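Descriptive analysis of the structure
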Amino acid sequence: MPGTIIVGLDGSAESRAAAAWAAREAGLRALPVRLVHVWEPVPEPMAAPPAGPREGLVREAAEGLRLSHPGVEVTAEQRAGKAVDELVDAAREGATLLVLGSRALSGLRGFLVGSVGQAVIARTTTPVVVVRAGEEAAGEHLPDPAGPPSEATAFRPVVLGLDTDRPDDTLIGFGFEEARCRATALHVVQGCGPAPYHGYGLDAGACSDDGLTRQRAARLGQVLLPWRHRHPDVEVVEMSRTGSPAERLLDAARDASLTVVGRRVRRSPFGAHIGSVTHAVLHHATVPVAVIAHD
């Protein structure tokens, strides 16, 4: 796939984890990585030029990635302006992925997606991957029977959250491509409740009608059938479960290397434009989360 993987870098542990994840992804996809550090000017007399330690931070991060991933082309740049605006603009410049870091929740497992991350996700149509601080390559792989997980073992599956009432080729295609790159299975999850990318409540409710559950499972199979034919090398596991879509996705994500969710593009300037299920997965998943904007 053409393009570049862009990383928002600010020197924090979470942004360094995002950069490392991006380099690993670039190796799988044979793509270059561009580190983007945004300096937000402040009014005089407090303003200072983006030099010295800031330049060193970006340069050292780029050099570190080149050493640890010698087959990946890594470039870096600094921009002045508002972080959200500059990252969204950078993503428009032919980016295949935009990768951001997010703090782990204190005392709990999961993410804490800050205001910049949420705003960028809501505004860009480029796929965004959110990586939490402490994320390591070994965590994406299955345990070694002779010891802890390592990069020598196979990847854990990719999990895709899908609303079969409104399936989108961009979202499905992204999930299949990620599974193909990792030579792993794709677990496609739908909860039996209202459409997972709409509404305001986290608990979407459960389907008590077994007949409806079977209908939804059959619909999932129909939606995925042409994709199975296009990607015969990807093992597909269909998971149509009763209950809240967010809860079903989070359950499946515990054993994943990557979780993929959708975000419908909104034309209204008001609101967060992320969706309740995607919002829940972003804040509570324990693995990297890819958010795919689609119509």
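Cut-offs and rules
- Per chain, residues are indexed from 1 in the order of the written sequence.
- Local features in this predicted model are restricted to residues of pLDDT 70 or higher, and side-chain atom pairs are both shown and tallied only at a pLDDT of 80 or more, whereas totals for entire chains, interfaces and linings draw on every residue.
- Neither water nor hydrogens contribute to the side-chain values; these are computed over all heavy atoms in the structure.
- The secondary structure listing takes helices from DSSP runs of H or I that are at least 4 residues long and strands from runs of E that are at least 2 residues long, numbered from the N terminus.
- Contacts are residue-level and defined by heavy atoms, with any inter-residue pair within 4.5 Å sufficient.
- Residue-level accessible areas treat just the shown protein chains as cover; the underlying method is Shrake-Rupley with a 1.4 Å probe.
- Three exposure classes are used, based on accessible area relative to the maximum for each residue type with a 1.4 Å probe and protein chains only: buried under 20%, partly exposed in between, and exposed over 50%.
- Each aromatic pair joins two rings of Phe, Tyr and Trp (for Trp, the six-membered one) with centres within 6.5 Å, and gets the label stacked for planes under 30 degrees apart, edge-to-face for over 60, and tilted for any other angle.
- For helices, the fitted line uses only the C-alpha atoms of the stretch in contact; every axis is such a line through C-alpha atoms, and the angle between N-to-C directions lies from 0 to 180 degrees.
- Here the word oblique covers every angle except those under 35 degrees (roughly parallel), over 145 (roughly antiparallel) and from 65 to 115 (roughly perpendicular).
- In this count, Pro and Cys sit with the nonpolar residues alongside Ala, Val, Leu, Ile, Met, Phe, Trp and Tyr, while Asp, Glu, Lys and Arg are called charged and the others, Gly among them, polar.
- Asp and Glu count as negative and Lys and Arg as positive, but His and the ends of the chain are not part of the count.
- Put simply, a salt bridge is a Lys or Arg side-chain nitrogen that is within 4 Å of an Asp or Glu carboxyl oxygen.
- Per residue, pLDDT captures the predictor's confidence, and it can take any value from 0 to 100.
- Strands pair, by our definition, only if DSSP identifies at least two bridges between them.
- By convention a crossover is right-handed if, when the strands point away from the viewer, the path from the first strand over the helix to the second runs clockwise.

Description of the overall build of the protein chain
- Helix and strand counts for the protein chain come out as eight helices and 11 strands.
- The contacts of the protein chain with a sequence gap of at least 6 include a subset with a gap of at least 24, amounting to 76%.
- Roughly 13400 Å² of accessible area belongs to the protein chain as shown, and the carbon and sulfur atoms make up 54% of that amount.

Here we look at the environment of Thr278
- With respect to the element layout, Thr278 can be found in helix α8 (residues 276-284).
- Overall, Thr278 belongs to the buried group, its relative accessible area being 0%.
- The spatial distance from the C-alpha of Thr278 to the C-alpha of Pro245 is 9.7 Å, given a sequence separation of 33 residues.

Quick notes on the packing of aromatic side chains
- For the structure shown, the criterion picks out one aromatic pair.
- Relative to Trp227, the ring of Phe176 lies with its centre 5.8 Å away and its plane at 25°, an arrangement referred to as stacked. In this pair, Phe176 sits in helix α5 (residues 169-182) while Trp227 sits in helix α6 (residues 210-230), placing the two residues 51 residues apart along the sequence.
- For Phe176, a relative accessible area of 0% translates into the label buried.
- You can call Trp227 buried: its relative accessible area is 8%.

Topic: the packing of helix α1 (residues 13-29) against α5
- Where α1 meets α5, the axes come as close as 9 Å, and the angle between the chain directions of the two elements is 85°. One way to sum up the angle between α1 and α5 is to call them roughly perpendicular. For the pair α1 and α5, the contacting residues are Trp21, Glu25, Leu28 and Arg29 in the first and Phe174, Glu177, Glu178, Cys181 and Arg182 in the second.
- Class assignment for the residues of the contact of α1 with α5 results in four nonpolar, no polar and five charged.

Here's the deal with unusual backbone geometry
- You will see that Ala30, though not glycine, has its phi angle at about 55°, which is positive.
- When you line up the elements, Ala30 lands in the loop between α1 and β2 (33-39).
- Relative accessible area serves as the criterion here: at 69%, Ala30 is assigned to the exposed category.
- The backbone of Ala183 shows a phi angle near 55°, a positive value even though the residue is not glycine.
- On the secondary structure map, Ala183 appears in the loop between α5 and β8 (186-192).
- For Ala183, a relative accessible area of 69% puts it in the exposed group.

Things to note about helix α3 (residues 83-92)
- Counted residue by residue, α3 has seven buried out of 10 residues, so it is predominantly covered.
- Looking only at α3, the buried set comprises Ala83, Val84, Glu86, Leu87, Val88, Ala90 and Ala91.
- Following α3 by one or two positions, Gly94 adopts a phi angle in the positive range, close to 80°.

Concerning α8
- Buried residues dominate α8, accounting for seven of its nine residues.
- For α8, the full list of buried residues reads Ser276, Val277, Thr278, Ala280, Val281, Leu282 and His283.

Things to note about the side chain of Glu135
- Within the secondary structure layout, Glu135 lies in the loop between β6 (128-132) and β7 (158-161).
- For the buried Glu135, no salt bridge exists, and the shortest N-O distance to an oppositely charged side chain is 4.4 Å, to Arg132.
- Residue contacts for Glu135: discarding those within four places in its chain leaves Ala17, Arg24, Glu140, Thr286 and Pro288.

Description of the confidence of the model for the protein chain
- In this model, the protein chain carries an average pLDDT of 85, and 82% of its residues clear a pLDDT of 70 or more.
- Of all the helices and strands in the protein chain, strand β5 (residues 111-112) carries the lowest mean pLDDT, 58, while β7 carries the highest, 98.

Description of the pairing of β2
- The buried fraction of β2 amounts to seven of the seven residues, a majority that puts the element mostly inside the structure.
- What you see with β2 is no split at all: Val33, Leu35, His37 and Trp39 on one side and Arg34, Val36 and Val38 on the other are buried throughout.
- When strand β1 (residues 4-8) meets β2, the two strands line up parallel, connected through four bridges. By the bridge assignment for β2, Gly8 is matched with Val36.
- Where the polypeptide runs from β1 across α1 and back to β2, its parallel neighbour, the crossover connection is right-handed.
- The pairing of β2 with strand β3 (residues 74-80) spans seven bridges and is parallel. Its bridge partner lying in β3, Val36 is registered against Glu77.

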